[in-house]
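Chain residues, written in single-letter form:
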Amino acid sequence: AQVAAMENTQAAYPVASGMAAISTVLNQILEPGSHIIASQDVYGGTYAYLNNVLRAKEIEVSFVDPCDLELIADEVAENTKAIFVELMSNPLLKICDLEAISQIAGDVTMCTTPSV
């Protein structure tokens, strides 16, 4: 409740790591046959999770340059359930336009990792 209050939100769910946070959220919204668009330059553990674990669950993953808004828009499909980007990509530190990506997403769930 205290963390939720500090973040000005209704609830907070504590996890032990960034990977725990990422996998917890994505496991809730993705199912076999769904699609996720993800930044091509993400933390190595995140890439392994997206590329290996999700694909093993028959979830389609499209890796894109997070700064190429046209490419992101082109990848949105009927089964797209999420767009995952890091505010500052890892390891290249690209800064993507979250507002523009949100507009592209429409009803697609926007998943981001915060900058620290």
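Residues numbered from 1 in each chain as written. Predicted model: local features only at pLDDT ≥ 70, side-chain atom pairs only at ≥ 80, totals over all residues. Heavy atoms only, no water.

**Student:** Explanation requested: the overall build of the chain in the structure shown.
**Tutor:** The number of helices and strands found in the chain is five helices and four strands. Helices (α) and strands (β) of the chain occur, in sequence order from the N terminus, as α-α-β-α-β-α-β-α-β. Taking 116 residues into account, the globule formula puts the C-alpha radius of gyration at 13 Å, and the chain, at 14 Å, falls close to it. Counting across all 116 residues of the chain, residues that qualify as buried make up 33%. Taking the contacts inside the chain whose residues are at least 6 apart along the sequence as the reference set, 70% of them involve residues at least 24 apart. In the form shown here, the chain has an accessible surface area of approximately 7000 Å², with 52% of it arising from carbon and sulfur atoms. For the chain, the distance from the average site of its 4 positive side-chain charges to the average site of its 15 negative ones is 9 Å. (Helix = DSSP H or I, 4+ residues; strand = E, 2+ residues; numbered from the N terminus. Rg over C-alpha atoms; globule rule 2.2 N^0.38 Å. Buried < 20%, exposed > 50% of the residue type's maximum accessible area, 1.4 Å probe, protein only. Contact = heavy atoms within 4.5 Å. Areas by Shrake-Rupley, 256 points an atom, 1.4 Å probe, with all protein chains shown as cover. Lys, Arg positive; Asp, Glu negative; His and termini not counted. Charge placed at Lys NZ, Arg CZ, Asp CG, Glu CD.)

**Student:** In this structure, what is going on with the packing of aromatic side chains? I would like to understand it.
**Tutor:** Any aromatic ring pair is given by two values, namely how distant the centres are and how the planes are angled relative to each other. Tallying each qualifying case throughout the model produces one aromatic pair. A ring pair is formed by Tyr47 and Phe63, whose centres lie 4.7 Å apart and whose planes are at 35 degrees; its orientation type is tilted. Here the residue Tyr47 occupies a position in helix 3 (residues 44–56), and Phe63 occupies one in strand 2 (residues 60–64), the gap between them amounting to 16 residues. (Phe/Tyr/Trp six-rings, centres within 6.5 Å; stacked < 30°, edge-to-face > 60°.)

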